[in-house]
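If you want the building blocks of each chain, they are given just below.
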Amino acid sequence: MSGHSDFRAQVEAQRPYLVRYASLQLRDSHAAEDAVQETLLAALSSPAGFAGRSNLRTWLTGILKHKIVDAIRRASREPALSVDAPGDDSELDSLFDQRGHWNEGPATWENPDASLEQKQFFAALEDCLARLPTKTAQAFTMREHLGLETGEICKELGVTPTHCWVLLYRARMALRQCLETNWFGK
Amino acid sequence: MMLSCKEVSRLVSQGLDRRLGFGERLRLRVHFAICGGCGNLEQQMAFLRRAMRLRSLRDHDGP
């Protein structure tokens, strides 16, 4: 039946995009391939799920997000894979003096929202995200990209709420610093 | 008791992840009034959220 094979071909055509998407979140090409494979199988086994929706890519990405969270959940149950330091924020100490004041405070960024119109800005953001330690990056993208609440993130990563806030805090501080140096400082 | 910039930076970040109490919000406002660096930090952390939202939207338009 040609309708069905058309659908299969259209789904399959999204594979490269989905692999890129999953790789950004998971930072592991094998895990990304697996998540995409599960997504395509799920999509092909229930084409009715797509009925009435306008955008195939959006539908597939929605399925993929769940598979990514599953993959992160499985990985976080494996012992001590993460190289992230424990839940203190002492590496941020160098930013502050002993009384907790900035050594060098955050600068004023001129009209930052204008950057959001620029493709190069998002390339710089991607570079900065890629420099984050794995667990820090996972927590941050679960929060700001997948839109999960901290409660869910803690559960998926198997950490306490306090550690979760620390991971998100580190991510934001590091990204802020990185963008100031590599984008807004230019 | 005044908050240090380090404490403020932590609280500003948490403000994006949980609802801050009235006392916490008040102490932040007092601090921002006298500290431009922390005011910049608050705007930049909010900006990061906007940038990440747009980044997700751009994902769907990509090749």
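As the structure is a prediction and not an experimental result, all values here were calculated from the model.

Residue and element names in this part refer to chain A. Closest axis-to-axis distance for the helix α5 (residues 119-130)/helix α8 (residues 161-184) pair is 10 Å, and the angle between their directions is 135°. Taken together, α5 and α8 sit at an angle that is classed as oblique. Of the two possible hands of crossing, α5 and α8 adopt the one that is right-handed. Here α5 contributes Gln120, Phe121, Ala124, Leu125, Cys128 and Leu129 to the contact with α8, which in turn contributes Leu175, Cys178, Leu179, Asn182, Trp183 and Phe184. Here the contact of α5 with α8 is composed, by residue class, of 10 nonpolar, two polar and no charged.

On to the packing of aromatic side chains. Counted by the stated rule, this structure contains 12 aromatic pairs over all chains. Their ring planes at 70° and their centres at 5.6 Å tell us that Phe121(A) and Trp183(A) sit as a pair that is edge-to-face. Taken together, the residues Phe121(A) in helix α5 and Trp183(A) in helix α8 connect sequence positions 62 residues apart. Look at Trp183(A) and you get buried, because its relative accessible area is 17%. Seen from their ring centres, Phe121(A) and Phe47(B) are 5.7 Å apart, and the 65° between their planes marks the pair as edge-to-face.

Each turn of an α-helix holds 3.6 residues, which means side chains three or four residues apart point in the same direction. Residue and element names in this part refer to chain A. End to end, helix α3 (residues 29-45) covers 24 Å across 17 residues, agreeing with the expected 24 Å (1.5 Å per residue, within 8%). Along α3, the positions that sit buried rather than exposed are Ala32, Ala35, Val36, Thr39, Leu40, Ala43 and Leu44. Each buried residue of α3 sits inside an arc of 160° when the element is viewed along its axis, so together they form one side. Along α3, exposed side chains directed more than 90 degrees from the buried face belong to His30, Leu41 and Ser45.

Attention now goes to the confidence of the model for chain B. On average, residues of chain B score 89 in pLDDT, and 90% of them reach the 70 mark or higher. Averaged over each element, pLDDT in chain B is lowest for helix α3 (residues 36-61) of chain B (89) and highest for helix α1 (residues 5-14) of chain B (95).

The rules behind these values
- Residues numbered from 1 in each chain as written.
- Chains lettered and ligands numbered in written order.
- Predicted model: local features only at pLDDT ≥ 70, side-chain atom pairs only at ≥ 80, totals over all residues.
- Heavy atoms only, no water.
- Axes fitted to C-alpha atoms, helices over the stretch in contact; angles between N-to-C directions.
- Helix = DSSP H or I, 4+ residues; strand = E, 2+ residues; numbered from the N terminus.
- Parallel < 35°, antiparallel > 145°, perpendicular 65-115°, else oblique.
- Left-handed = near helix turned anticlockwise from the far one by under 90°.
- Contact = heavy atoms within 4.5 Å.
- Nonpolar A, V, L, I, M, F, W, Y, C, P; charged D, E, K, R; others polar.
- Phe/Tyr/Trp six-rings, centres within 6.5 Å; stacked < 30°, edge-to-face > 60°.
- Buried < 20%, exposed > 50% of the residue type's maximum accessible area, 1.4 Å probe, protein only.
- Expected span 1.5 Å × (residues − 1).
- Arc of directions from axis to C-beta.
- pLDDT = per-residue confidence, 0-100.

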